[in-house]
Amino acid sequence: MTMVTVLSRRLLLSAAVILALLVILPSALDPYQTILLSYGLIFAIAALGFNLLLGYTGLLSFGHSAYFGMGAYAVAFIVKYLKITSMEVFLIGGILASAAVAALFGFLCVRYTRIFFGILTLALSQVLWSLAFKFFWVTGGTDGLRVPTPSLLGMQMAPGQDKMTFLAHRYYYYVLIIFLAGLAVMWVIVHSPFGKALQAIRDNETRAEFVGVQVRKYRFVAFLISGAYTGLAGALWVPLNGLTTPEILHWTFSGKIVFFTVLGGFQTFVGPIIGAVVYNYLETYAVGHTVYWQLVLGIVLVVLVLALPAGIVGTAKRLGLRLRRAA
Amino acid sequence: METLIIHLLNSLLYASVLFLIAGGLSLIYGVMRIVNLAHGNIYAVGAYTTAWAVGRIEGGAPTIALYAILPIGAVAAAALGAVLEPTLLRPLYKRPEEYQLLITFGLLLVLEDVMRFIWGAYPLSASALFEGMGSFSIGESIYPAYNLAVIIVGGMAAAALWAFVYRTKFGVILRATSQNMRMASALGVNVNQVYVQAFTLGCFMAGLGGAIIVPQQGAVLGMGVDALILAFVVVVIGGLGSLEGALLGALMVGVVREFGITFFPEIELAVLYLMAAIVLLIRPAGLLGRA
Amino acid sequence: MNLLVTKVLTKYFGDTHAVDGVDFTVQQGELLALIGANGAGKTTLVNLISGMLRPDSGSIVFQGADVTSQSVHGRIKAGIARSFQLVNLFDQLTVLDNVALVIFSREGKTRNFVYLADHDRPVRQEAMDVLQRFGLENKANMLAGGLAQGERKLLDVAVAVALRPKLLLLDEPTSGVSTREKAPIMDIITAIVRSEHITAVIIEHDMDVVFKYSDRIVVMHQGTILADGTPDEIRTNDQVITTLIGTQASG
């Protein structure tokens, strides 16, 4: 018991330090860096949602671009057709739209596991991509749709205020609060009886069925929550990016979500968050420094899979455990 | 009538190339239970290599030499496969399949940029081969003879592959391994060797697909990723791991694509993906797959 | 009183008559051993009763209600639980969570995702109690994947018992453990089954175990019931002896 208290106290302490850092950082960093961090936090929300399926339910989706993209396009449509620019409406719209798509796709996909689940999620997400790509009079095609800076809690960006400052300050805190809320909710979900049931399904589907867990139903709910989280991330992403294009619906974007989740370590709760933030820096710097950025990312991924399959957090945990044992 | 014939020929053209790509993907999955996300890029390597080789000797060499060098793309793809399987995939067979998918995704990213590095960002063309064959007339319309050659090569490849898998000793071993790897291993089959051979053969097919289509379409970056998704559609419809299924799937996708592009271009791709999704729902193992 | 009755229950696998018109009855409160050679149809019968397989024909009546076409979930609600010959556990959950999950499931709490599982004291307490009765309380915080084989077999049964079933189907609870471990495991299982008045059907190969622990024995052979009686009756049944010894000698 004392061991547990010591551990959780240490955990609380480090969480407090990280939180303090996240709060202070915008005043220490230049706006560009803060915006970069915002992107990282947004991808972390997507990763949290994605990992409910991969890490906790044992389903590898290669189609999460669909929900991220749906969240983003829902926002773009709200702007285009309803002329609304309230961030809260964006979020609700993004979540509802992505949850609706997740409900439809999830209903079809949860009958399958393993490779068939992966391929089916991929094929369905590509349907959305091809629609966004081809129906250019609705979606803007490859030019995409522009999304202006939204009002946050009813407050517009001050006239004459620099957009960059707005995004690096107010929008950052907005994202941070939603990220923290999302984090807390997901933490409760995976530690709830429902979360335990998902882990049971991951470990042993047959036995889960034989202790009364309705496997398909639970997978479906997990799929829905996962899609809604990823959609929320998409809705937060689009004002930051200012534009949504079919690229974020393409399956290679799903690949990136898988990538950063595994980079952080999908067998841990915080792994995907770390992975998302680190990946975002990695990609940004690789893109900024070489045209061969895909090569850099690809090599990182290959090395990761071959040498560090537990990811950053998983590996750190193992090292920590070994050090503690040695001490 | 003429237009119908032309549409059908075009469908067969698509189907031939798709069969080569998807057949390779399916063969690899059937034997090794690995879905290679980089398979489309292997096809692209085949296309680029042939286009590059043709470009090198074009002008100086007789036309016949250009045709003789065409298969080099398939050879390059096969060589690549023979190197990749033992180095990247073999260490992962005992791990969950998530990792196998991921490493091939990493490979996809790497190959995409390696091609950019070697052959640059601009498309390569081998159209000399395409033009060299001229055309023939169907009624009032003219049709490129090269397209017909592709269809014939595709058909011959399908026949050769069928004979190879069902009529040779290696084919027997391949099929045995795909049905029960442990049993095959217990009976003295060198599974490692079968795997590298199957992977190489699968890559050879993809490379051949790239090599024969490049005179008609050219080689561009991103062609591999697009091809992969179509190959997925083909194998899902036909049945992952089934060569006959890949043939059937390729024909179906070829026809739907050709008529889709003509009659419902906006939803042509969506229809293909939906076809795959529907087949997966009704017959998870594909139309000709084993359950 | 009959707890479970099957009528001409039949299941074919291709040409194999795995279960061939079986009339099988389990009485309230008894501990019944189901024996027979490999391939006699014991596991198939248990799979049919537990809902893992659908019969080709025939019916299954549990507590007077026809459950033949009921889902696995429905049968568990009705009170039928089972364990598995090859241990089926949640390897990456702790031993305690393996049992706690079952209790959550039984109480319909797995639908709840707004509170922390570890903070549910009654459930944790009950899970600890279950573990204690199986002698696994010291392993509560270990991952189930890290248990030794004998402990895994016990936990597999504990998971089924935590469902508080009326009928417990145990598929070879002592297979894969050493002869020395068999008796202690059976002692624990039978003590719990008796004290909680659970009706149990146990598939078992070890004849010593069967004769020592069961109230009644049903012998299966090639998909049909060959004999049915008390341990003493079965021990002296010539037909059973020749069949069992015959198949053992040939197999």
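What counts and what doesn't
- Residues numbered from 1 in each chain as written.
- Chains lettered and ligands numbered in written order.
- Predicted model: local features only at pLDDT ≥ 70, side-chain atom pairs only at ≥ 80, totals over all residues.
- Helix = DSSP H or I, 4+ residues; strand = E, 2+ residues; numbered from the N terminus.
- Rg over C-alpha atoms; globule rule 2.2 N^0.38 Å.
- Buried ≥ 20, exposed ≤ 12 C-beta atoms within 10 Å, placed from the backbone.
- Contact = placed C-beta atoms within 7 Å.
- pLDDT = per-residue confidence, 0-100.
- Pairing = 2+ DSSP bridges.
- Axes fitted to C-alpha atoms, helices over the stretch in contact; angles between N-to-C directions.
- Expected span 1.5 Å × (residues − 1).
- Core = buried A, V, L, I, M, F, W, Y, C linked by C-beta atoms within 7 Å.
- Nonpolar A, V, L, I, M, F, W, Y, C, P; charged D, E, K, R; others polar.
- Right-handed = clockwise from strand over helix to strand, strands pointing away.

**Focus on the overall build of chain A**
A count of helical and extended segments in chain A gives 14 helices and 2 strands. What you see for chain A is a C-alpha radius of gyration of 20 Å, in line with the 20 Å of a compact globule of 327 residues. When the backbone C-alpha atoms are referred to their principal axes, chain A occupies close to 60 × 45 × 40 Å. Out of the 327 residues in chain A, the part that is buried amounts to 53%. For chain A, the proportion of contacts with a sequence separation of at least 24, taken over those separated by at least 6, is 78%.

**Describing the confidence of the model for chain B**
Residues and elements named next belong to chain B. A residue-level look at chain B finds 99% of positions with pLDDT of 70 or above and a mean pLDDT of 86. Here helix α6 (residues 127-132) stands out as the element of chain B with the lowest mean pLDDT, 78, in contrast to helix α4 (residues 72-89), whose mean of 93 is the highest. Reported for the predicted complex are a pTM of 0.88 and an ipTM of 0.88.

**Looking at the sheet that holds strand β4 (residues 57-62) of chain C**
Residue and element names in this part refer to chain C. If you trace the 4 strands from one edge of the open sheet to the other, you get β2-β1-β4-β5, paired in antiparallel fashion. Of all the strands in the sheet, just β2 (16-27) and β5 (65-66) have a single pairing partner and so form its edges. In terms of strand pairing, strand β1 (residues 2-13) meets β2 through 8 bridges, oriented antiparallel. Across the sheet, N2 pairs through a bridge with Q27, a residue of β2. Here helix α1 (residues 42-50) sits on the sheet and contacts β1, β2 and β4; the angle it forms with β2, its principal contact strand, is near 65 degrees.

**Focus: helix α13 (residues 268-282) of chain B**
Taking 1.5 Å of rise per residue, the 15 residues of α13(B) would be expected to cover 21 Å, and the 21 Å separating its terminal C-alpha atoms lies within 8% of that figure. What α13(B) keeps buried is the set L269(B), A270(B), L272(B), Y273(B), A276(B), A277(B), V279(B) and L280(B). Buried positions along α13(B) lie against α4 (87-109) and α5 (114-134) of chain A together with α11 (223-238) and α12 (243-263) of chain B.

**Points about the nonpolar core**
Counting 292 residues, the largest nonpolar core has L18(B), V233(B) and A158(C) as the members making the most contacts within it. Leaving out residues up to four positions away in the same chain, A158(C) has contacts with V99(C), V130(C), L131(C), F134(C) and L136(C).

**A few points about the interface of chain B and chain A**
Contacts between chain B and chain A engage 36 residues on the former and 33 residues on the latter. Mapped by element, the contributors of at least two residues to the side of chain B that touches chain A are α5 (97-119), α11 and α13 of chain B. The element that contributes the greatest number of residues to the side of chain B that touches chain A is α5(B), accounting for 16 residues. For the side of chain B that touches chain A, the residue count by class is 28 nonpolar, 1 polar and 7 charged.

**Digging into the sheet that holds strand β9 (residues 216-221) of chain C**
All names here are of chain C. With mixed pairing, the 6 strands of this open sheet are ordered in space as β6-β7-β8-β3-β9-β10. The strands lining the two open edges of the sheet, one partner per strand, are β6 (80-82) and β10 (224-229). Strand after strand, the sheet turns through a mean of 20 degrees between neighbouring axes, direction not considered. When strand β3 (residues 31-35) meets β9, the two strands line up parallel, connected through 4 bridges. Across the sheet, A33 pairs through a bridge with I217, a residue of β9.

**A closer look at the interface of chain A and chain C**
Between chain A and chain C, the residue contacts involve 21 residues of the former and 28 residues of the latter. Every element with two or more residues in the side of chain A that touches chain C is listed here: α7 (163-191), α8 (193-203) and α9 (205-210) of chain A. The dominant element in the side of chain A that touches chain C, judged by the number of residues it contributes, is α8(A), at 8 residues. Split into classes, the residues belonging to the side of chain A that touches chain C amount to 9 nonpolar, 8 polar and 4 charged.

**Some points on the pairing of strand β8 (residues 199-203) of chain C**
Residues and elements named next belong to chain C. With 5 of its 5 residues buried, β8 lies for the most part within the structure. The alternating pattern of β8 places T199, V201 and I203 and A200 and I202 on opposite faces, both of which are buried. Viewed along the sheet, the connection from strand β7 (residues 167-171) through helix α6 (residues 179-195) into β8 turns out right-handed.

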